[in-house]
Amino acid sequence: MKPILDATAGNRAYRKNKNPPHTVFMDKEVGLSRPPDILGDWKNLPFRDDVFQHVEFDPPHSKFGLNSIHMNPLGHGAENGGTWWGSLETGWFGVFYKAQKEFARVSNRLCFKWNTTSHALEKVLKVFEEWVEVYRKNHTSTMKRGGSETWWITMTTVNTKQLRIKPVR
Ligand SMILES: C[S@@+](CC[C@H](N)C(=O)[O-])C[C@H]1O[C@@H](n2cnc3c(N)ncnc32)[C@H](O)[C@@H]1O
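Cut-offs used in this document
Residues numbered from 1 in each chain as written. Predicted model: local features only at pLDDT ≥ 70, side-chain atom pairs only at ≥ 80, totals over all residues. Helix = DSSP H or I, 4+ residues; strand = E, 2+ residues; numbered from the N terminus. Buried ≥ 20, exposed ≤ 12 C-beta atoms within 10 Å, placed from the backbone. Contact = placed C-beta atoms within 7 Å. Pairing = 2+ DSSP bridges. Axes fitted to C-alpha atoms, helices over the stretch in contact; angles between N-to-C directions.

### A word on the overall build of the protein chain
Step number 1: Within the protein chain one finds 3 helices and 7 strands.
Step number 2: Sequence-ordered secondary structure for the protein chain, helices as α and strands as β, is β-β-β-β-α-β-α-β-β-α.
Step number 3: Going through the 169 residues of the protein chain one by one, you find that 26% of them count as buried.
Step number 4: Sequence separation of at least 24 residues holds for 54% of the intrachain contacts in the protein chain that already meet a minimum separation of 6.

### Thoughts on the pairing of strand E7 (residues 150-157)
In regular strands, side chains alternate between the two faces of the sheet.
Step number 1: Note: strand E5 (residues 109-115) against E7, 7 bridges, orientation antiparallel. When the sheet's bridge partners are listed, arginine 109 is paired in E7 with threonine 156.
Step number 2: Note that strand E6 (residues 131-139) and E7 share 8 bridges and pair antiparallel. Following the sheet pairing, tryptophan 131 is matched in E7 by threonine 157.

### Re the environment of proline 35
Step number 1: Relative to the assigned elements, proline 35 resides in the loop between strand E2 (23-27) and strand E3 (38-39).
Step number 2: C-beta crowding within 10 Å serves as the criterion here: with 14 such atoms nearby, proline 35 is assigned to the partly exposed category.
Step number 3: Taking C-alpha positions, proline 35 is 9.6 Å from arginine 12, a pair spaced 23 residues apart along the chain.

### A few points about unusual backbone geometry
Step number 1: Positive phi, normally seen in glycine, also occurs at arginine 12, with a value near 60°.
Step number 2: In this fold, arginine 12 is placed in the loop between strand E1 (4-6) and E2.

### What to know about the sheet that holds E1
Step number 1: What the 7 strands build is an open sheet, ordered E3-E2-E1-E4-E5-E7-E6; its pairing is mixed. With one partner strand each, in any of the chains shown, E3 and E6 form the two edges of the open sheet.
Step number 2: Alignment of E1 against strand E4 (residues 54-57), held across 3 bridges, turns out to be parallel. Within E4, the residue paired with isoleucine 4 across the bridge is histidine 54.
Step number 3: Docked against the sheet, helix H1 (residues 92-106) engages E1, E4, E5, E6 and E7, running at close to 155° with respect to E4.

As structure tokens, this is what we get:
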């Protein structure tokens, strides 16, 4: 059985079981109260190809200020000198673009969590060009801010060999 990669482990807040089996926890932060198994960056994953059954991706989603937990749980501020979104070349958009390419290299399934406080879901989904959406679920949060919504999107990579398979008669 292939393991699961939680690529944005943080302090594992969304999990009831903080130490589930077959799960590798990764984050780029040193000093979290629940340290990750591996310190790593989604833009350059320290794993071989096709080793995970799925990847969970819960990236920072809001511009509440550079010290916000949504930027970084230790409040170190945003990458790129505080440019929160920016362009494909310089901002978070570009960071997510590189991340989704890496996720497609290590797995063919991605579970992406997004809150719409600062950016609409459909805008962000444009970044995931390696992926096809198969399912989405709205999670109504008790911490709902100004009508924002939290979504879980399940995506898969397009497998061209599979598309050529004909049904057995
Ligand atoms: C919204 S928090 C994740 C919260 C976590 N899922 C939880 O339930 O507690 C986003 C996380 O992404 C991490 N992060 C930001 N940029 C990263 C990067 N380039 N590579 C890996 N982790 C990163 C942050 O350190 C932070 O822990």
